[in-house]
Amino acid sequence: LNRQASTTRLGAGVLACLFSAFSGKASPDSLLVFSQVVLSLALPFALLLLVLLASRGALMGEFRLRGAARLGAWALTAGVAGLDVYLLVEQLAA
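Residues numbered from 1 in each chain as written. Predicted model: local features only at pLDDT ≥ 70, side-chain atom pairs only at ≥ 80, totals over all residues. Heavy atoms only, no water.

1. A closer look at the side chain of Thr 77
Defined as follows: The secondary structure listing takes helices from DSSP runs of H or I that are at least 4 residues long and strands from runs of E that are at least 2 residues long, numbered from the N terminus. Here a polar contact is taken to be a pair of N or O atoms separated by no more than 3.5 Å, where protein atoms must pair a possible hydrogen donor with a possible acceptor and residues adjacent in sequence count only if both atoms sit in side chains. Residue contacts are defined here by distance: any two heavy atoms, one from each residue, within 4.5 Å place the two residues in contact.
Take Thr 77: it is sitting in helix H4 (residues 67–93). Reaching out from Thr 77, the side chain makes a polar contact with the backbone oxygen of Ala 73 at a distance of 2.8 Å. Beyond its immediate sequence surroundings of up to four residues, Thr 77 is in contact with Pro 44, Leu 47, Leu 48 and Val 51.

2. Here's the deal with helix H2 (residues 28–54)
What counts is decided by this rule: What a helix is expected to span follows from its residue count: subtract one and scale by 1.5 Å. In this scheme, the bend at a residue equals the angle between the axes fitted to the seven residues that finish there and the seven that begin there. A 1.4 Å probe rolled over the protein chains alone gives each residue an accessible area, and that area as a share of the maximum for its type sets the label: buried under 20%, exposed over 50%, partly exposed in between.
Here H2 is 27 residues long and its end C-alpha atoms lie 37 Å apart, about the 39 Å a rise of 1.5 Å per residue gives. Of all the bends in H2, the largest measures some 30° and sits at Ala 42, one to four residues before the proline Pro 44. Regarding H2, the residues found buried are Leu 31, Pro 44, Val 51 and Ala 54.

3. Observations concerning the packing of H2 against H4
Note the following rule: Note on geometry: axes are lines fitted to C-alpha atoms, helical ones only across the stretch in contact, with angles between N-to-C directions running from 0 to 180 degrees. Under this scheme an angle from 65 to 115 degrees is roughly perpendicular, one under 35 degrees roughly parallel, and one over 145 degrees roughly antiparallel; angles in between are oblique. Crossings are assigned a handedness: left-handed for a near helix turned anticlockwise from the far helix by less than a right angle, right-handed for a clockwise turn. Gly is placed with the polar residues, together with every amino acid not listed as nonpolar (Ala, Val, Leu, Ile, Met, Phe, Trp, Tyr, Cys and Pro) or charged (Asp, Glu, Lys and Arg).
Look at H2 against H4: their axes get within 9 Å of each other, and the N-to-C directions meet at 160°. With respect to H4, the axis of H2 lies roughly antiparallel. For the element pair H2 and H4, the recorded crossing hand is left-handed. Between H2, through Ser 40, Leu 41, Leu 43, Pro 44, Leu 47, Leu 48, Val 51 and Leu 52, and H4, the contact on the second element is made entirely by Ala 73, Trp 74, Thr 77, Val 80, Ala 81, Asp 84, Leu 87 and Leu 88. For the contact of H2 with H4, the class distribution of residues is 13 nonpolar, 2 polar and 1 charged.

4. Points about the environment of Leu 10
Secondary-structure assignment places Leu 10 in helix H1 (residues 3–22). Judged by its relative accessible area of 59%, Leu 10 falls in the exposed class. For the pair Leu 10 and Ala 58, spaced 48 residues apart in sequence, the C-alpha to C-alpha distance is 35 Å.

Nothing here speaks to function; it is all geometry.
Laid out in structure tokens, this is it:
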């Protein structure tokens, strides 16, 4: 492993330990669900950047997304973002 990867993994591990230590009597299952919710909310941002970069001809050359693949990638990104918005609205309304 290189230095940056090791530092990132160490930081993530420290944050996970701190969060579980300060979460009180929360069960490991609820912490796992919380972590997955956070990841699901971050996913549309990663997908957006991925589709933008994969669609750039200057960056990807002949391998850039085109046509139906590009349309499908944008549709899936919008679908994931829409589901996240729905999840937030439902949770905030409850």
